[in-house]
Amino acid sequence: MAKITLSNLAHSYLPDPQSEDDFALKEMTHDWRDGEAYALLGSSGCGKTTLLNIISGLLRPSHGRVLFDGRDVTDHPTAERNIAQVFQFPVVYDTMTVRENLAFPLKNRGLPAPEIARRVQKVGDMIGMEAVLDRKARGLTADAKQKISLGRGMVREDVNALLFDEPLTVIDPHMKWELRTQLKKLHHDFGHTMIYVTHDQTEALTFADKVVVMYDGRVVQIGTPQELFERPAHTFVGYFIGSPGMNLFDARIDGTKAQIGGTRFDLGTTYPLGGGRVKIGVRPEYIRLSDTGLPARVKRVEDVGRHKIVRLEMDGAEVNAIADESGTVPDGGTHVQFVEGGVNVYENDWRVAARRETEAAA
Amino acid sequence: MKTDNQKAWFLVLPVLVLVAFSAVIPLMTVVNYSVQDTFGNNVFFWAGLEWFDQMLHSERMWNALGRQLAFSSIILAIEIPLGVFVALNMPKKGFWASFCLVVMSLPLLIPWNVVGTIWQIFGRVDIGLLGYTLDALGIDYNYTQGFYAAWTTVIVMDVWHWTSLVALLAYAGLQSIPDAYYQAAKIDQASRWAVFRYIELPKMLGVLMIAILLRFMDSFMIYTEPFVVTGGGPGNATTFLSIDLVKMALGQFDLGPAAAFSLMYFLVILVISWVFYTVMVNLDRRDAK
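Everything numeric in this text was worked out from a predicted model, so none of it was measured. (Residues numbered from 1 in each chain as written. Chains lettered and ligands numbered in written order. Predicted model: local features only at pLDDT ≥ 70, side-chain atom pairs only at ≥ 80, totals over all residues.)

## Quick look at unusual backbone geometry
Residue and element names in this part refer to chain A.
Here is step 1 of the chain: Cis peptide bonds are those with omega within 30 degrees of zero, and the linkage from Ser243 to Pro244 qualifies with -5°.
Here is step 2 of the chain: In this fold, Pro244 is placed in the loop between α9 (235–240) and β11 (247–250).
Here is step 3 of the chain: For Asn82, which is not a glycine, the phi torsion comes out positive at approximately 55°.
Here is step 4 of the chain: Looking at the element boundaries, Asn82 is found in the loop between α2 (78–81) and β6 (83–86).
Here is step 5 of the chain: Unlike most non-glycine residues, Asp349 shows phi in positive territory, near 75°.
Here is step 6 of the chain: Looking at Asp349, the number of C-beta atoms within 10 Å reads 18, which means it is partly exposed. (Helix = DSSP H or I, 4+ residues; strand = E, 2+ residues; numbered from the N terminus. Buried ≥ 20, exposed ≤ 12 C-beta atoms within 10 Å, placed from the backbone.)

Have a look at this one:
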């Protein structure tokens, strides 16, 4: 188990990167605390897997260092880092039995046979495959194969970190839930540092203590699920997390007053803005339909059971609001209001903290 | 409900006719010769299974078959491991991967008799680079005189000509292995041997079976190259089955025995191919399970 430090880390797949666009991973410095479960969340191609492979040592970063517990491991091969990694598609050794598959990483490390047998039996029970331990891995379903891949990571009890690269993509939905629960339990029991890459927000939010949101080669926010929901640090976080995502309005802010379209309203606090492109972000949960406020038109209503998603149009842009199951939604023209505390202000896509917040923190 | 009708057979008819003219009818003339005797003038006498009996007890045929099996086994034993080794060491992508592929394909594009001629000249002691060099080094090398020199030349020539095929097939098999397998192996701290034994070899097995089948059948019917280089000699040292068959049929004009010989030759290849096919199908079925 180890604390993982990324120090001025950046990576480019090009031999001679010129501009920032040439980097698959933009420069970052982060500490990943020992024993925490992190989820690495972001859309495809944002650099999640690159970052994971750098941590596991499958890829050498072109810039910066990787440290485990303060020890520089940038040039250490994977084997020396003592890391377990599970990949998106199941990797099993076809010609071996399930038992041999699970024992393989231990055998390669020269553990004594009784110890191997004990751990394999334990992990076999944990992944629910004790009955098929002596079957050849070749004929098993994708589910079972991925469980074996997970199991090969779990048998190594002393690993520095367990890394998962979208491991549940090929698993049945109900199995997904079960395996995720087992992973959480494993984390609880052994306290490994775990890093879990996914593009599924539910998976990320339910699995992790801390969610690391990546966008365009950059870590845009590290936070608890609640922080990501209430105070998205970047418009991408607002848009990516939540269903539907955060609404963004082009706005002008002048002192405590904000203007969206032709409507002015009071924010109750000031924001230290620098003159960039300003947007106001409001989650659908914090938008109420009312008789006064910003004019909008109801386009359609989607009833998802627990609540209704109201799709509105405002100045040609789509706005989503969440309404109670009981309330009635008017047809056609209406107005919307923002619930207090649900308003975030963004300048050039990055969140700007209100004076009130910064004063409270000080 | 589905109605059965037999009209589809008419669509297959042209193929059947073509196959009949190109394969079945010529084969039948061979069958015809194999059970008859002739003294010329197109007059035939019924001979029954006499020729088959004669060929089965012919030391000459058994010797040729022995040489043939030895040749096929030796070239398989060299070409398969060597081809796999070459494939494992070829670059996976980029310019050098394409370069290697082109260079590897070159021997496959050269006609058999040209390959024979190349080696025939290459190995000559008076003007050939190989023969001259070996002679200058004091090695007694003369493929027209020495048994070992002749065999070595014929084997090296086949290895030169066909290892590429095995390498290319194995390379194709290797290319189909996703990167994740190698990465997982690194994570599992697998040795180079374990990676080969548990990842690469199982994934290559299918194409290797095809490579073995192709190389076996092709080497079992080899004619042109040794014929051009050694002409089957010295003595009968490199007289393989098809060289012997041609000598018998066209050299001595023993049509009956030659026909019986070729039918048995055909059956041997058929049986061995069937064995290979069965093994491959079973492998596939095991994969699918």
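Following the structure, the description resumes.
## Considering the interface of chain A and chain B
Here is step 1 of the chain: Listed by partner, the interface residues are 21 residues for chain A and 16 residues for chain B.
Here is step 2 of the chain: Among the secondary structure elements, those contributing two or more residues to the side of chain A that touches chain B are α2, β6 and α3 (98–108) of chain A.
Here is step 3 of the chain: Class assignment of the residues belonging to the side of chain A that touches chain B gives a composition of 11 nonpolar, six polar and four charged. (Contact = placed C-beta atoms within 7 Å. Nonpolar A, V, L, I, M, F, W, Y, C, P; charged D, E, K, R; others polar.)

## As for the sheet that holds strand β21 (residues 343–347) of chain A
As a general point, the strands of a sheet are linked pairwise by backbone hydrogen bonds and lie either parallel or antiparallel.
Residues and elements named next belong to chain A.
Here is step 1 of the chain: Strand order in the open sheet formed by four strands is β11-β15-β21-β22, with antiparallel pairing between adjacent strands. Because the sheet does not close on itself, it has two edges, and the strands there are β11 and β22 (350–352). Going from strand to strand, the sheet's axes swing by 40° on average, the running direction of each strand aside. (Pairing = 2+ DSSP bridges. Axes fitted to C-alpha atoms, helices over the stretch in contact; angles between N-to-C directions.)

## Section: the environment of Leu241 of chain B
All names here are of chain B.
Here is step 1 of the chain: With respect to the helices and strands, the residue Leu241 is situated in helix α11 (residues 241–251).
Here is step 2 of the chain: Separated by 25 residues in the primary sequence, Leu241 and Phe266 have C-alpha atoms spaced 11 Å apart.
Here is step 3 of the chain: Ignoring any residue separated from it by four or fewer positions in sequence, one finds Leu241 in contact with Ala64, Leu65, Gln68 and Tyr265.

## Here we look at the UniProt feature "domain: ABC transmembrane type-1" (unreviewed entry) in chain B
Here is step 1 of the chain: Per the UniProt record, the feature "domain: ABC transmembrane type-1" (unreviewed entry) sits at residues 65–276 of chain B.
Here is step 2 of the chain: Spanning residues 65–276 of chain B, this segment combines 78% helix with 0% strand, and its end C-alpha atoms are found 19 Å apart. (UniProt positions renumbered as here; feature names shortened; annotations may be inferred.)

## Details of the pairing of strand β20 (residues 332–338) of chain A
Residue and element names in this part refer to chain A.
Here is step 1 of the chain: Two elements, strand β16 (residues 287–290) and β20, share four bridges in a ladder whose sense is antiparallel. Counted as the bridge partner of Leu289 is Val336 from β20.
Here is step 2 of the chain: Of the pairings in the sheet, the one linking strand β17 (residues 294–303) to β20 comprises five bridges and is antiparallel in character. Note that in β20 the partner of Pro295 across the bridge is His335.

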